Amino acid sequence: QVQLVDSGGGLVQPGGSLRLSCAASGSIFSINAMGWYRQAPGKQRELVAAITSGGSTNYDESVKGRFTISRDNANAKNTVYLQMNSLKPEDTAVYYCLVVGRSGSGPIRNYWGQGTQVTDSS
């Protein structure tokens with residue numbers, strides 16, 4: 001069984017910064033990719049940023065140059081981060097961590113965190 005724990009959200013002023021973390025634990029055998037999605041009220045969940053096992057990154061156009069995704073898989077830490085700078089009101093949303101990987105000998109599947117709220121205070 002795999003568990004993801006998102007953290008780091010909060011209330012921030014326009015132009016401020018936050019760092020989100022997502023720690024994966026349990027019987028993860030291998031990870032293909034890790035990423036962050038967000039869902040604002042009344043909108044669909046959308047991809048914010050992703051990083052592959054090889055370190056390649058992908059960002060939504062709206063966050064390029066402001067957000068940075070990184071990962072730490074040393075010593076089975078399996079943690080993904082999202083550094084968010086120059087936050088804007090439109091960044092307000094619940095942010096969800098996603099891990100694409102395999103638990104034990106099972107199939108590759110998506111694992112989701114519980115979500116962490118990011119709110120612009122303007």
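On a predicted model such as this, the values are computed, not experimentally measured, just so you know. (Residues numbered from 1 in each chain as written. Predicted model: local features only at pLDDT ≥ 70, side-chain atom pairs only at ≥ 80, totals over all residues. Heavy atoms only, no water.)

For the rest of this paragraph, the subject is the sheet that holds strand S8 (residues 79-84). What holds strands together in a sheet is hydrogen bonding between their backbones, with the strands either parallel or antiparallel. With antiparallel pairing, 4 strands are arranged side by side in an open sheet as S1-S3-S8-S7. Edge strands, defined here as strands with exactly one partner in the open sheet, are strand S1 (2-7) and strand S7 (67-72). Across the sheet, the mean angle separating the axes of adjacent strands is 15 degrees when strand polarity is ignored. In the sheet, S7 pairs with S8 via 6 bridges, with the strands oriented antiparallel. Bridging from a neighbouring strand, Phe67 pairs with Met84 of S8. (Pairing = 2+ DSSP bridges. Helix = DSSP H or I, 4+ residues; strand = E, 2+ residues; numbered from the N terminus. Axes fitted to C-alpha atoms, helices over the stretch in contact; angles between N-to-C directions.)

Moving on to the pattern of salt bridges. The tally for this structure, following the rule as stated, stands at 4 salt bridges. Through salt bridges that share partners, Arg38, Glu46, Arg66 and Asp91 make up one connected network. (Salt bridge = Lys/Arg side-chain N within 4 Å of Asp/Glu carboxyl O.)

This part takes up the nonpolar core. With 29 residues, the main nonpolar core has Trp36, Leu82, Met84 and Tyr95 as its most contacted residues. Looking at this core, the elements that each hand over two or more residues are S1, strand S3 (18-26), strand S4 (28-39), strand S5 (46-52), S7, S8 and strand S9 (93-103). Every residue in contact with Met84, bar those within four places of it in the chain, is listed here: Gly16, Ser17, Leu18, Leu20, Arg66, Phe67, Tyr95 and Val118. (Core = buried A, V, L, I, M, F, W, Y, C linked by side-chain atoms within 4.5 Å. Buried < 20%, exposed > 50% of the residue type's maximum accessible area, 1.4 Å probe, protein only. Contact = heavy atoms within 4.5 Å.)

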